[in-house]
Amino acid sequence: IIVDNIRVLTSSWDNTLCLTNLTDGSSTLFEGHSDDVYGFHLIGENQVLSWSGDFTLRLWDLDQGLLKPQIDYRLLKALASGSWIDRVLLTDNNKVLCCSFDQKVLFLIDLDNFSASTVLSGHHSDIDGVYLIDGNQALSWSYDTILLWDLKEATSEVYEFFGCSIANLILVNKHQILFCSNSCE
């Protein structure tokens, strides 16, 4: 991802992030994860939130290194059994929406104090995907259920399609979705 007009940030299976200056070719490695770095998001102009197979989220300052303590995802695993973080989305209120698809739950994590503030549950099967509609609403789906989440209130509207297998879902706009099904009875 291009950070500014002269720097590119990449994540790697060697447990690092790398910030490369395109002008002079210099690079800075951000080391601290102990497993593959699955992804990252830019936050503001010089902060990056990364997540890894080591079950942690880390908030980095691109100019100074590690900025805040890591979020140990293993603590979140006590709330619901499962595995690593599959998807991370940024909300408007300085929180991160995390999804572990096989846990059937979403987690809201507060970036101010790196705590799991809310667990959003309601799916009965593995989560297949999640979209952030705006900074305060999210849409998640599983085998035969779509949930529309109010992230401020931690509530959801449930739409169930019994007998249908939702294969994929596309958010057309904040008022419309399009989904396809493998089968409907």
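Everything quoted here is computed from the prediction, not taken from an experiment.

A. Quick look at the side chain of Ser 50. Examined against the element boundaries, Ser 50 turns out to sit in strand β5 (residues 47-52). With relative accessibility at 0%, the residue Ser 50 sits in the buried group. Side chain to side chain, Ser 50 and Trp 60 meet in a polar contact 2.8 Å long. Sequence-distant contacts of Ser 50, that is, excluding residues within four places in its chain, are made with Leu 17, His 33, Val 37, Gly 39, Phe 40, Thr 56, Leu 57, Arg 58 and Trp 60.

B. Geometry of the environment of Asp 134. Structurally, Asp 134 can be placed in strand β13 (residues 127-134). Among the polar contacts made by the side chain of Asp 134, one reaches the main-chain amide nitrogen of Gln 137 at a distance of 2.9 Å.

C. Spatial organisation of the pattern of salt bridges. One pass over the full model with this rule turns up three salt bridges. Residues Arg 7 and Asp 4 are paired through a salt bridge, measuring 2.9 Å at the closest nitrogen-oxygen approach. In this structure Arg 7 comes out as buried when scored by relative accessible area, which is 16%. For the salt bridge of Asp 126 with Lys 104, the shortest nitrogen-to-oxygen distance reads 3.5 Å. Of the two residues, Asp 126 sits in the loop between β12 (115-121) and β13 while Lys 104 sits in the loop between β10 (95-100) and β11 (105-110), which places them 22 residues apart along the sequence. Through salt bridges with shared partners, a single ionic network connects Asp 4, Arg 7 and Asp 63.

D. Just the sheet that holds strand β14 (residues 137-142), in detail. An order of β13-β14-β15-β16 is seen for the four strands of this open sheet, with the pairing classed as antiparallel. Each end of this open sheet is capped by a strand with a single partner; those strands are β13 and β16 (155-160). Across this sheet, the average inter-strand angle for adjacent strands is 20 degrees, counted without regard to direction. Bridge count for β13 against β14 is six bridges, and the pairing is antiparallel.

E. Seen up close, the sheet that holds strand β2 (residues 16-21). Taken together, three strands build an open sheet; the order of strands is β1-β2-β3 and the sheet is antiparallel. The sheet is open, and its two edges are formed by β1 (7-11) and β3 (27-31), each paired on a single side. Adjacent strand axes in the sheet meet at a mean angle of 15 degrees when their direction is disregarded.

F. Quick look at the confidence of the model for the protein. In this model, the protein carries an average pLDDT of 80, and 85% of its residues clear a pLDDT of 70 or more. Predicted confidence in the protein is weakest over helix α1 (residues 73-77), with a mean pLDDT of 54, and strongest over β2, with 93.

G. Just unusual backbone geometry, in detail. Here the phi dihedral of Asn 15 falls at roughly 75 degrees; this positive angle occurs in a residue that is not glycine. Tracing the backbone through its elements, the reader meets Asn 15 in the loop between β1 and β2. Looking at Asn 15, the relative accessible area reads 23%, which means it is partly exposed. Backbone geometry at Ala 154 places phi at a positive 60 degrees, although glycine is not the residue there.

H. Looking closely at the packing of aromatic side chains. Scanning the model with the defined rule gives two aromatic pairs in all. Here the aromatic rings of Phe 30 and Trp 60 are separated by 5.5 Å at their centres, their planes lie at 75 degrees, and the arrangement is edge-to-face. Residue Phe 30 is found in strand β3, and its partner Trp 60 is found in strand β6 (residues 56-61); the two are separated by 30 residues along the sequence. The class of Trp 60 is buried, set by a relative accessible area of 3%.

I. Quick look at the environment of Cys 164. Mapped onto the fold, Cys 164 is located in strand β17 (residues 164-173). Taking the C-alpha atoms as reference points, Cys 164 and Tyr 143, separated by 21 residues in sequence, lie 7.7 Å from one another.

Cut-offs applied
- Residues numbered from 1 in each chain as written.
- Predicted model: local features only at pLDDT ≥ 70, side-chain atom pairs only at ≥ 80, totals over all residues.
- Heavy atoms only, no water.
- Helix = DSSP H or I, 4+ residues; strand = E, 2+ residues; numbered from the N terminus.
- Buried < 20%, exposed > 50% of the residue type's maximum accessible area, 1.4 Å probe, protein only.
- Polar contact = N/O pair within 3.5 Å; in protein donor to acceptor, adjacent residues only side chain to side chain.
- Contact = heavy atoms within 4.5 Å.
- Salt bridge = Lys/Arg side-chain N within 4 Å of Asp/Glu carboxyl O.
- Pairing = 2+ DSSP bridges.
- Axes fitted to C-alpha atoms, helices over the stretch in contact; angles between N-to-C directions.
- pLDDT = per-residue confidence, 0-100.
- Phe/Tyr/Trp six-rings, centres within 6.5 Å; stacked < 30°, edge-to-face > 60°.

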